Amino acid sequence: MKLHKEILRLAIPSILANITVPLVGMVDIAVAGHLAADFSSAALIGGISVGTMLFDLLYWNFAFLRAGTGGLTAQAYGRATSVIPSDASVIPSEVEESPIGNILLRALRIALLSGLALILVQWLVVQGAFLVVKCSPEVRQLASQYFYLRIWAAPATLSLFAFKGWFIGMQDSVRPMTADILVNFLNIVLSIVLATQTPLGFKGIAIGTVIAQWSGFLYCTAAVLRRYRRCFPARGRGIGHFSGTAAENEVRGREIGLKSSGDGFFRMNRDLFLRSVGMIAVYIGFTVISARYGDLMLAVSTILMKLLMIFSYFTDGFAYAGEALTGRFIGEESQDGVRSTVRQTFLWGLGVTALFMLFYGAGGKALFGLMTSDPAVIEAGMEFIPWLLLMPLIGCPAFIWDGIYIGATASRDLRNSTLLCAVGFFAVWFIGIALAGSASSGSTGSATPETAIHILMAAYFMHLAIRAAYLTLRRRSLPYLGGSRQ
């Protein structure tokens, strides 16, 4: 029962924060879809979709800042203390005395420098992206406009990845919840106000995001300085700030999960970077392919993906809890803790699965209506509602295992699973579209736009199924789940 409470303590704030994440995308699409402008509703929605895709292309390369930081911090936290505090506001003295803060500082340096680099190469990113992305001139114009404004939030956005991973590793889900709610609430309010109540129009959606991201950065910085100041060694002292000989200090640093060499850190982040490449290939491929079948199908597939992601954000709350607790119990060398964490997070995930199957089944048309007032988009979307019902069944094990593996810092298996699922995604797409083209009647010999989107959805769900199957089969390679402690 105590572990169930601990899972809920970590999961519920993450779920509350995650609920606001899809709301931002939905509001951006809804604002764009209802703007009175010189462009059609489908073009405006497509501009948001492609513009957001370009940032996904960039930011998913840096997902290791959250995943790697979270797993390393959780294991270091577990090594520093073997007691789960009953009061989440209490930081064990062993943690205060350890240089766990160095993990965050290292991640923030990478985040800020990478964000500045992205600003410098923004023109090259856009030009290169549209060599691959095929869309209407109107969508391209709107997406470029959105990108050139929102890119100024890059250093803040990447830093928020690092902050979130570190907070989760510290068994603190309240700070990232507050940060996410602040950022997303400001994003929603500012996007609506700036887009509809000022002459900025469509530009206001991107400017609202920039202001919100930097506000979140300032909040997280203040939260760390206020609550976790004692987790950071004095400047220039690092691991050596412990009393004792140099050799004793080196041993103490390794006992809490920090090595003087960054080799392990960079090996893990290399694997997580390659994992991000696989994820990018799937999600960017989804948008690029759907854009080839016209603005209407692009709008439909964009809304479908937003609705599918609602489930993932709920499940991710338990995945984050599994990540934090798995890493902590591995640090504590507790086999029972690791196994109980896996079992109980999956139980909670199955409960969320059942609820969302009912949610999607009962409210599919209403959900489409919330996203756009365009009758053509709503009518076209109704054909694809059954795909929503598959998401909970196939997505749950994939997302929960992701959290467990991140907590175990099992980056190699995460890398392999994602690269395999990317291969599966494109294999299903190319084989399916070839078969549909050869079977179609008429002189064109190609699939209809509706058939193509059905094949695209099948490819997307194949990628989830491969992730779930691979990670399930490899579970015994994890420490305390059958494998030796790594």
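Just so you know, the residues in each chain are numbered from 1, in the order the chain's sequence is written. In keeping with the predicted nature of the model, local features appear solely for residues at pLDDT of at least 70, side-chain atom pairs appear and are counted solely at 80 or more, and the whole-chain, interface and lining totals rest on all residues. Calculation of side-chain values draws on the structure's entire complement of heavy atoms; hydrogens and water are dropped beforehand.

A.B. asks: Mind showing me how you'd approach the overall build of the chain here?
C.D. replies: Looking only at helices and strands, the chain has 18 helices and 0 strands in total. Counting every position in the chain, which comprises 486 residues, the buried fraction comes to 58%. For the chain, contacts bridging at least 24 residues in sequence account for 84% of all contacts bridging at least 6. Numbering of helices and strands runs from the N terminus, with a helix taken as a DSSP run of H or I at least four residues long and a strand as a DSSP run of E at least two residues long. Three exposure classes are used, based on accessible area relative to the maximum for each residue type with a 1.4 Å probe and protein chains only: buried under 20%, partly exposed in between, and exposed over 50%. Here, two residues are considered to be in contact whenever any of their heavy atoms come within 4.5 Å of each other.

A.B. asks: It is not clear to me how the nonpolar core should be interpreted in this structure. Could you clarify?
C.D. replies: In summary, soluble globular proteins display a tendency toward joint burial of nonpolar side chains. To form a nonpolar core, buried Ala, Val, Leu, Ile, Met, Phe, Trp, Tyr and Cys residues must be joined to one another through side-chain atoms within 4.5 Å. If you look at the biggest cluster of nonpolar residues, it comprises 149 residues, and the most contacted ones within it are Trp166, Phe202, Leu308, Met391 and Tyr460. Looking at this core, the element that brings in the most residues is helix α13 (residues 294-332), giving 19 residues. Among residues more than four places away in sequence, those in contact with Tyr460 are Val282, Tyr283, Phe286, Met305, Leu308, Met309, Met391 and Phe425.

A.B. asks: Just to check I follow, could you spell out the pattern of salt bridges for this structure?
C.D. replies: Opposite charge on two side chains allows them to pair when their charged atoms are near. A pair is scored as a salt bridge if a Lys or Arg side-chain nitrogen falls within 4 Å of a carboxyl oxygen belonging to Asp or Glu. Scanning the entire structure with this criterion turns up 11 salt bridges. Glu6 serves as the salt-bridge partner of Arg9, at 2.6 Å between the closest nitrogen and oxygen. Taken as a pair, Arg9 and Glu6 lie in helix α1 (residues 2-34) at a separation of 3 residues, close to a single helical turn. Assessed through its relative accessible area of 22%, Arg9 is described here as partly exposed. Between Asp172 and Arg175 there is a salt bridge, with the nearest N and O atoms lying 2.9 Å from each other. With respect to class, Asp172 is no different from Arg175; both count as buried. Through salt bridges with shared partners, a single network forms among Asp172, Arg175 and Arg227.

A.B. asks: For this particular structure, what's the right way to read the environment of Ile168?
C.D. replies: With respect to the helices, strands and loops of the structure, Ile168 is situated in helix α8 (residues 154-169). Judged by relative accessible area, which is 4%, Ile168 ranks as buried. Sequence spacing of Ile168 and Ala74 is 94 residues, and the spatial spacing of their C-alpha atoms is 7.4 Å.

A.B. asks: Sorry, what's going on with the packing of aromatic side chains here?
C.D. replies: What describes a pair of aromatic rings is the distance from one ring centre to the other and the angle between the planes of the rings. Any pair of Phe, Tyr and Trp rings, taking the six-membered ring for Trp, is counted once the centres come within 6.5 Å. Such a pair is stacked with planes under 30 degrees apart, edge-to-face with planes over 60 apart, and tilted for the rest. A full pass over the atoms with the stated rule returns 29 aromatic pairs. Between Phe311 and Phe399, the aromatic rings sit 6.4 Å apart at their centres with planes inclined by 45°, giving tilted as the arrangement. Linking Phe311 in helix α13 with Phe399 in helix α16 (residues 385-407), this pair joins segments that are 88 residues apart in sequence. We classify Phe311 as buried; its relative accessible area is 0%. Ring pairs connect the aromatic residues Phe55, Tyr59, Tyr146, Phe147, Tyr148 and Phe161, which therefore count as one cluster. Ring-over charges, as used throughout, are those where CZ of Arg or NZ of Lys falls within 6 Å of the ring centre and within 35 degrees of the ring normal. The ring of Phe55 has Arg150 sitting right over it, with the charged end atom 4.5 Å from the ring centre.

A.B. asks: Explanation requested: the packing of helix α9 (residues 174-196) against helix α10 (residues 203-227) in the structure shown.
C.D. replies: The geometry of a pair of packed helices is captured by two quantities: the angle between their axes and the separation between those axes. Contact geometry for α9 and α10: axes closest at 8 Å, N-to-C directions at 155°. When the interaxial angle is binned, α9 and α10 end up roughly antiparallel. Of the two possible hands of crossing, α9 and α10 adopt the one that is right-handed. Residues are grouped as follows: Ala, Val, Leu, Ile, Met, Phe, Trp, Tyr, Cys and Pro are nonpolar; Asp, Glu, Lys and Arg are charged; all remaining types, including Gly, are polar. Tallied by class, residues from the contact of α9 with α10 come to 14 nonpolar, 9 polar and 2 charged. To obtain each axis, a line is fitted to C-alpha atoms, and for helices this fit is confined to the stretch in contact; angles are then taken between N-to-C directions over 0 to 180 degrees. What sets the label is the angle itself: under 35 degrees gives roughly parallel, over 145 gives roughly antiparallel, 65 to 115 gives roughly perpendicular, and the rest give oblique. Two helices cross in a left-handed way if the nearer one is turned anticlockwise from the farther one by less than a right angle. They cross in a right-handed way if the turn is clockwise.

A.B. asks: Would you mind going over a nonpolar patch on the surface with me for this structure?
C.D. replies: Together, Ile12, Leu16, Ile19, Ile181, Phe185, Val189, Ile192 and Val193 make up an exposed nonpolar region whose accessible area comes to about 610 Å². Every element with two or more residues in the nonpolar patch is listed here: α1 and α9. Sorting elements by how many residues they give to the nonpolar patch places α9 first, with 5 residues. By the secondary structure assignment, Val193 is in helix α9. Distance thresholds for patches are 9 Å for like charges and 5 Å for nonpolar side chains (Val, Leu, Ile, Met, Phe, Trp, Tyr), applied to residues having over 30% relative accessible area and no salt bridge. Areas reported here follow the Shrake-Rupley algorithm with a probe of radius 1.4 Å; residue values treat only the protein chains shown as occluding.

A.B. asks: I'm lost on helix α7 (residues 137-150) in this one. Help?
C.D. replies: Three- or four-residue spacings in an α-helix give side chains the same orientation, since the helix completes a turn every 3.6 residues. Compared with an ideal rise of 1.5 Å per residue, which puts 14 residues at 20 Å, α7 spans 20 Å between its outermost C-alpha atoms and is within 8% of the ideal. Turning to α7, its buried residues are Val139, Leu142, Ala143, Ser144, Tyr146, Phe147 and Arg150. The span expected for a helix works out to 1.5 Å for each residue beyond the first.

A.B. asks: Help me understand the packing of helix α5 (residues 101-120) against α8, please; the structure alone is not making it clear to me.
C.D. replies: Where α5 contacts α8, the axes come no closer than 7 Å and their chain directions differ by 160°. For the element pair α5 / α8, the angle class is roughly antiparallel. When you trace α5 past α8, the crossing you get is right-handed. Residue-level contacts link Gly101, Ile103, Leu104, Ala107, Leu108, Ala111, Leu112, Ser114, Gly115, Leu116, Leu118 and Ile119 of α5 to Ala154, Pro155, Leu158, Ser159, Ala162, Phe163 and Trp166 of α8. Broken down by class, the residue content of the contact of α5 with α8 amounts to 15 nonpolar, 4 polar and no charged.

A.B. asks: Sorry if this is basic, but what is going on with the environment of Leu347 here?
C.D. replies: Structurally, Leu347 can be placed in helix α14 (residues 335-371). Residues Leu347 and Phe318 lie 29 residues apart in sequence; the distance between their C-alpha atoms is 9.8 Å.

A.B. asks: Which parts of the structure should I look at to understand the environment of Phe314?
C.D. replies: With respect to the helices and strands, the residue Phe314 is situated in helix α13. For Phe314, a relative accessible area of 24% translates into the label partly exposed. Residues within four places of Phe314 in sequence aside, it is in contact with Ile15, Ile19, Val352 and Phe356.

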